[in-house]
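Descriptive structure summary
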Amino acid sequence: MVEVTQVLSDIVWKSTQVFFVLSLIIFVTFFIIKKILFYTNHTLSTKNIIYDNFHNIQPNTANKLDLLAYANSIGLRLLKSVNHNEAIALKESIHQTKLYTYIYKHYNTSHFSLEYLYYLNTIVLLQNEDARLLYHDILAKEHHTIVEFNILALHGLALITSAPNDVLTLHHFLTKSYKNYWISQKLATYFFVISLKKLNNSEIVHVLQRAPENSYITYGLIYALRAIKPTQEMKEKLLQLQERNAQNDVLLIAILRTFYAWKTYVPELILSSYTHENELMRIVCSKIGLDLIGRNLSHKLLIYLVDDSQYVRNNFMDALQRHQYSKEKIISELKKYYPNFYKNQPLMQWLKYYRVRATHA
Amino acid sequence: MLDMIIIFEQIQYLYLFYLLVTNLSTMTLMWIAFKRMLVTYFYNIDVTFYSLIKHEIFIPISILAPAYNEQETIISSVYSLLKLNFPEYQIIIINDGSNDETLKRLLSHFDLYEVAITNDLILEHQKIRALYRSPKYDNLFIIDKENGGKSDALNAAINLSKYPLICCVDADTILEETAILHGLTKFIQDRRTIAIGGAIGITNGSVIKDHTLVEKKVPNSLVEGFQVLEYLRGFFAGRMGWEKHNGLILVSGAFGIFRKDIIMKIGGYRHTIGEDFDLLLRMRKYCYNNHIRHTVGFVEEILCWTQCPSDYGSLLKQRNRWQRGLLETLYYHKDMLFRRKYGVVGMVTMPYFLLIEALGPIMTFMGVISIIVLYTFGVISSSMIVIFFLLEFVWGILLNVSSLYFEILTKRSYTKSTSFIKLFLLSIIEPFFYKPLLKAELFLATFNFMNSSWGEIKRKSL
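Cut-offs and rules
- Residues numbered from 1 in each chain as written.
- Chains lettered and ligands numbered in written order.
- Predicted model: local features only at pLDDT ≥ 70, side-chain atom pairs only at ≥ 80, totals over all residues.
- Contact = placed C-beta atoms within 7 Å.
- Helix = DSSP H or I, 4+ residues; strand = E, 2+ residues; numbered from the N terminus.
- Nonpolar A, V, L, I, M, F, W, Y, C, P; charged D, E, K, R; others polar.
- Domains from an automatic or database assignment.
- Axes fitted to C-alpha atoms, helices over the stretch in contact; angles between N-to-C directions.
- Parallel < 35°, antiparallel > 145°, perpendicular 65-115°, else oblique.
- Left-handed = near helix turned anticlockwise from the far one by under 90°.
- Buried ≥ 20, exposed ≤ 12 C-beta atoms within 10 Å, placed from the backbone.
- Arc of directions from axis to C-beta.

Remarks on the interface of chain B and chain A
If you look at the interface, chain B gives 43 residues, while chain A gives 47 residues. Mapped by element, the contributors of at least two residues to the side of chain B that touches chain A are helix H1 (2-42), helix H2 (45-54), strand S3 (113-115), helix H6 (179-189) and helix H13 (382-410) of chain B. The element best represented in the side of chain B that touches chain A is H13 of chain B, accounting for 14 residues. When grouped by side-chain class, the residues that make up the side of chain B that touches chain A number 24 nonpolar, ten polar and nine charged.

Focus on the domain arrangement of chain A
All names here are of chain A. Looking at the assigned domains, one finds that chain A contains domain 1 (1-36), domain 2 (40-127), domain 3 (131-264) and domain 4 (275-361). Listed per partner, the contact involves seven residues of domain 2 and nine residues of domain 3. Looking at side-chain class alone, the side of domain 2 that touches domain 3 contains four nonpolar, three polar and no charged residues.

What about the packing of helix H9 (residues 164-180) of chain A against helix H11 (residues 201-210) of chain A?
Residue and element names in this part refer to chain A. Running from N to C, H9 and H11 point in directions that differ by 40°, and their axes come no closer than 9 Å. By the angle between their directions, the pair H9 and H11 is classed as oblique. In this structure, H9 crosses over H11, and the sense of that crossing is right-handed. Counted together, Pro164, Val167 and Leu168 of H9 and Glu203, His206, Val207 and Arg210 of H11 form the full contact between these two elements.

Considering the environment of valine 169 of chain B
Residue and element names in this part refer to chain B. Mapped onto the secondary structure, valine 169 falls in strand S6 (residues 165-169). Along the sequence, valine 169 and glutamate 70 sit 99 residues apart, while their C-alpha atoms lie 14 Å from each other. When residues no more than four places from it in sequence are discounted, the contact partners of valine 169 are Ile63, Ala65, Leu175, Ala254, Phe255 and Cys304.

Describing the domain arrangement of chain B
Residue and element names in this part refer to chain B. Partitioning chain B into domains gives domain 1 (2-37 + 347-454) and domain 2 (44-330). Summarising the inter-unit geometry, the C-alpha centres of domain 1 and domain 2 are found 30 Å apart. Contacts between domain 1 and domain 2 engage 37 residues on the former and 31 residues on the latter. Among the elements of the structure, H1, helix H11 (343-358), H13 and helix H14 (417-459) are those that each provide at least two residues to the side of domain 1 that touches domain 2. Considering every element that reaches the side of domain 1 that touches domain 2, the biggest residue donor is H14, with 14 residues. Residues belonging to the side of domain 1 that touches domain 2 are distributed by class as follows: 21 nonpolar, nine polar and seven charged.

A short note on helix H4 (residues 102-109) of chain B
Given 3.6 residues per turn, any residue in an α-helix points the same way as the ones three and four places further on. All names here are of chain B. All buried positions along H4 are accounted for by Thr102, Leu103 and Leu106. When H4 is viewed along its axis, its buried side chains cluster within an angular range of 90° and face the same direction. For H4, the exposed residues set more than 90 degrees away from the buried face come down to Lys104 and Ser108. Positive phi appears at aspartate 111, one or two residues downstream of H4, with a value of about 50°.

Overview of the packing of H9 of chain A against helix H12 (residues 216-224) of chain A
Residues and elements named next belong to chain A. Packing of H9 against H12 leaves a shortest axis separation of 9 Å and a crossing angle of 125°. When the axis of H9 is compared with that of H12, the two are oblique. The hand of the H9/H12 crossing is right-handed. Facing H9, whose interface residues are His171, Leu174, Thr175 and Tyr178, H12 presents Tyr216, Ile217 and Leu221. Looking at the contact of H9 with H12, its residues break down into five nonpolar, two polar and no charged.

As structure tokens, this is what we get:
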């Protein structure tokens, strides 16, 4: 027992010494590094300064840190850039400084996954078309232990979209990630939004024609259309898609929401679905139905005021307020179309307190 | 006598084993957390997710804040919630039967008007007296109800909430403007997510103006400073480490985002000491039982700032309550322990919480007694005492310093050098003063709980 104690004592004592010394060294080193970074303008805050004033900065191409900070800043600027001319100027600057080649070289010679991640992140920000193969390689792998690799590659791919085929490739990889990495449909929608914004209207229609139907990722694609200025052709394509898949509730919900974002009346779609037995469908219709059905048919939706689902009732009550329906108008329509609703106590209680709201959230 | 000494020797080795396991597991969790932290650091997550909002891709959320006798702070608390950077959210303040002017001040300041309750009150709670809305702030709702405690107030608010996600906060906490946005990223990145928590910071010592944190500082008083350090270490190792392997079972009551549908399925909060702990465990249990793939996320950033106890009396009282909450929750969910059906939670996290966290104080107490007895009888070797000293104190310092270093390297919650120096010094003295004090209180809490509370709990019909 004494021997065991002695061995344990030695192990613990030595390891403690090592850890203690190591942590002290690390702590002191941190302060030194922090100072160095501060004076050489590479801290995160400095990066932000470069981000705002990158036009005035001439990076020293011989200095690795200098170039990395510059690449990150210019990439962030490019990502947030809304001005087309500025985006072209930024891309020109990236091209001239050969930033992509430089970062890609470092990516290829990385040793640790975190190192890879850092360079990949910068590559994505630079939005260089040459990175396409790299993204494909990453996404073709069955599994990454760090899920961010996959998300970055998807983001990168979306950012360099230039043709309908790119969106369809993105669709393919998103479908895979949806299964393997549990990404949400909303994330897929986000990547589609970025991607679709790089295409013109006819190319978007082309994508709609060729995208696989009845896939959760396609529903994400339809949601993404909300960010696009609609054309008649797009609207028709969506209606045709719905007709082909008339029994698909999830698809119909996505289509309805897209029409809502486009501020397009589709009374026939609402009329065919507002009494649907699927609660989710009624929830959606109660929320956006008034916007899609038009005023002359809006009384049809008053049935929602006594719906079994509290979410349907509440959504519709909110919608009435949002549409500035006066108490008098609601009462007169109820009397006219649904006189038996007057027996409903909760509805009467709600009407008692009802008032049109002056402001919106 | 010989038998007694043999027993104490065995306790001593058990204590040694306990210390080794505790320190090694904490170091492992810290290492996992550090790697995770670096991923976040090297990955411009903010860029992606600020763009999500820009493209109107988000999940709307209801923020629930119970308030009991908060007349002094309630108005500024509401304003701090109103200025969150998020496109669609609903704020529900629950006046839980306050007997001060909390409701009166809310009514007059926000010019509230009464509205009808149209929701189905599925979860049980005390009677709601009235529901109010603000004419100016469309997303602000105030519930006035009879007193029933925090869990009861939250149940009432969940019933009246309208969005698929709910965020439970304490009314007196300060949320970072981007708190909800950060929280939401986890739900969007991984659709299995059922709940997320975030790191909590301590406001003591910091400069606050209009319920906004203007300058973050480490407080001067020892008791508050120790807690700052403890929070840094705790959230870093305790939460992030577990999150990585889907073993997180605790989300702080001060800030947590949950999927409403799952909460409704399990019947909402229960009236327990550790209601937050209990809620998340029941959510996870429900998912496991119904074969729902799920995960619980943790946001590395400090999303919420709160006041910590500023004197030892209040601190010990708080920790006593936490310890009893831990024991109570583990007792309620004892059927999950060591069951493969409950995955990492049943096989790793819960046993860890039981053996290391819950029974730790008893283990330490018995270990210290055994060392004293064995030393008195001259049976213990000096090298053994050195081992205990190293494991209990020096390793404690190492863990403190390491977590502080990781924090500085990645999160940078505090940016002033004086704050780091303060925290560094506190790291060194913490194992000698603060930890023993807490362990003594936790031991008393455990002892009290085992003696009395369990009898009562057995009679509860939950």
